[in-house]
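Breakdown of the fold
Here is what each chain is made of, one letter per residue.
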Amino acid sequence: MINVLIIEDEPLAAEKLEQMLNHQHYDVHVLSVCNSVVQTVKWLNSNPHPDLAFFDIQLGDGISFDIFDQVAIRFPVIFTTAYDNFAVKAFKVNSVDYLLKPVDEDELQSAINKYEQLHQPVINSTGIYNAIQSTAKMIIDGKKYKDRFVVNAGEHIRVIKTCDIACFYSEEKSTFLLTGKGKHYSVDHSLNQLEDEINPSFFFRTSRKEVVNLENISDIVNYGSRCKIIVKTDKDTKELIVSRERMKSFKKWLAEEM
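Here is a short report on the structure shown in this document. Every chain's residues receive numbers from 1 upward, in the order its sequence appears when written. In keeping with the model being predicted, local features are shown solely for residues with a pLDDT of at least 70 and side-chain atom pairs are shown and tallied solely at 80 or more, while totals for entire chains, interfaces and linings include all residues. The basis for the side-chain values is all heavy atoms of the structure; hydrogens and waters are excluded.

Points about the overall build of the chain
Defined as follows: Secondary structure elements are defined from DSSP: runs of H or I of at least 4 residues count as helices, runs of E of at least 2 residues count as strands, and each element is numbered from the N terminus. Each residue's exposure class comes from its accessible area (1.4 Å probe, protein chains only) as a fraction of the maximum for that residue type: buried when under 20%, exposed when over 50%, partly exposed otherwise. Should any heavy atoms of two residues lie within 4.5 Å, those residues are counted as being in contact. Here the open area of atoms and residues is found with the Shrake-Rupley method and a 1.4 Å probe, where only the protein chains shown may cover a residue.
Of the regular secondary structure elements, the chain holds seven helices and 17 strands. In the chain, which comprises 258 residues, the proportion classed as buried is 39%. A fraction of 50% describes how many contacts in the chain between residues 6 or more apart in sequence connect residues 24 or more apart. Surface exposure of the chain reaches about 15400 Å², of which carbon and sulfur atoms provide 49%.

Structural data, given as structure tokens:
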């Protein structure tokens, strides 16, 4: 659906244009018809902006270019006029096309097609992106994540539930986990591998060397352009630093998950 605004001070011309739009394009919805600069400015300041607008250039109280001086016009415009001496000026603003009156149906259709070619791909790509994000979220929500890790503890083998892990961290080319009870164990995974195996609703990669469990964050302290996370265990605490480049996504993750 293309939401359209018509600016035209001749009622018959406005009615004819709306009829032509409805006749040629069944997915066009005319939001309103304004007949002056003043009325158009008032309407644009009071309503969501259209996808496309038809501007008659010469109006009773001025020319439609005056509207651009009073309102930020970011939507595309097709100009209609009985004169062609404004063509150059029209294409200096958000103009898709410039139609001479009386408007010809074939030229109108061509202008609509031009609008769709120039602007619909942006709309469609946004829709596709949203669909991908939505699908990805459903996949993530339904994905089976690791619920336990098998680790070595001297001569013994321990099974650690993922929910009992306070954080993962790397030191000297090895990866370790810290449990909520304050125990440290080596794991046979890199942090990059772990990111794909643990639930991102609970675990966040704070830096190149650390991943934290939301449930074990006891405090967050501003630390210049970064922040310091205090991870609490039964024995003591551990400090993690959120890297500068991950701060934005960290705050978003906190807002979504906390």
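Considerations on unusual backbone geometry
At the junction of Lys-101 and Pro-102, the peptide bond is cis and its omega measures out at -5° in the coordinates. Position of Pro-102 relative to the elements: it lies in the loop between strand E7 (95-100) and helix H5 (105-142). In the Ramachandran plot, Glu-172 falls in the positive-phi region, its phi being about 50° despite a non-glycine side chain. Along the chain, the position of Glu-172 falls in the loop between strand E10 (165-171) and strand E11 (174-179). Given the relative accessible area of 79%, Glu-172 is considered exposed. Of note, Lys-173 is a non-glycine position whose phi angle comes to about 65°, a positive value. Assignment of secondary structure puts Lys-173 in the loop between E10 and E11. Assessed through its relative accessible area of 90%, Lys-173 is described here as exposed.

Side note on the sheet that holds E11
To keep it simple, the criterion reads: For two strands to be treated as a pair, DSSP must find no fewer than two bridges joining them. For helices, the fitted axis covers only the stretch in contact; all axes are lines through C-alpha atoms, and the angles between them, taken along N-to-C directions, range from 0 to 180 degrees.
Strand order in the open sheet formed by five strands is E12-E11-E10-E14-E13, and the pairing between neighbours is antiparallel. With partners counted over all chains shown, the strands left at the sheet margins are strand E12 (184-187) and strand E13 (203-207), one partner each. Put simply, the sheet's adjacent strands are angled 25° from each other on average, direction ignored. When E10 meets E11, the two strands line up antiparallel, connected through six bridges. The residue of E11 that forms the bridge with Cys-167 is Leu-178.

What about helix H2 (residues 37-46)?
As a reminder of what qualifies: When we speak of the arc, we mean the arc of directions from the helix axis to the C-beta atoms. Two N or O atoms form a polar contact when they lie within 3.5 Å of each other; inside protein one atom must be a possible hydrogen donor and the other a possible acceptor, and for residues adjacent in sequence the pair counts only when both atoms belong to side chains.
Turning to H2, its buried residues are Val-37, Thr-40, Val-41, Trp-43 and Leu-44. When H2 is viewed along its axis, its buried side chains cluster within an angular range of 165° and face the same direction. Projecting away from the buried face of H2 at angles above 90 degrees are the exposed residues Val-38, Lys-42, Asn-45 and Ser-46. Of the surrounding secondary structure, the elements contacted by the buried residues of H2 are strand E1 (2-7), strand E2 (28-34), strand E4 (58-59), strand E5 (62-63) and helix H3 (65-68). By the N-cap criterion, in which a side-chain oxygen at the helix start approaches the backbone nitrogen of a residue two or three places on, H2 is capped by Ser-36, the distance to Gln-39 being 3.0 Å.

What to know about a negative patch on the surface
Applicable threshold: Note on patches: the residues involved have over 30% relative accessible area and no salt bridge, like charges join within 9 Å, and the nonpolar side chains Val, Leu, Ile, Met, Phe, Trp and Tyr join within 5 Å. Counted as salt bridges are all cases of a side-chain nitrogen of Lys or Arg within 4 Å of a carboxyl oxygen of Asp or Glu. Working convention for charge: Lys and Arg count positive, Asp and Glu count negative, and His plus the chain ends are omitted. Here the site of a charge means NZ on Lys, CZ on Arg, CG on Asp, or CD on Glu.
A grouping of Asp-104, Glu-105, Asp-106 and Glu-107 is seen on the molecular surface, where their side chains present a negatively charged patch. With respect to the element layout, Glu-107 can be found in helix H5. Among the residues examined, Glu-107 registers a relative accessible area of 40% and is labelled partly exposed.

Some words on the pattern of salt bridges
If charged atoms from side chains of opposite charge come close, those side chains can pair. The full count for this structure, using the stated rule, is five salt bridges. For the salt bridge of Lys-101 with Asp-56, the shortest nitrogen-to-oxygen distance reads 3.3 Å. Placement of Lys-101 in the loop between E7 and H5 and of Asp-56 in strand E3 (residues 52-56) is noted, with a sequence separation of 45 residues between them. A relative accessible area of 3% means that Asp-56 is categorised as buried. Note that Arg-205 and Glu-195 form a salt bridge whose closest N and O atoms lie 2.7 Å from each other. Taken together, the residues Arg-205 in strand E13 and Glu-195 in helix H6 (residues 191-197) connect sequence positions 10 residues apart. Relative accessible area serves as the criterion here: at 9%, Arg-205 is assigned to the buried category. The partly exposed category is assigned to Glu-195, whose relative accessible area is 37%. Among the ionic contacts, a cluster of salt bridges with common partners joins Glu-8, Asp-56 and Lys-101.

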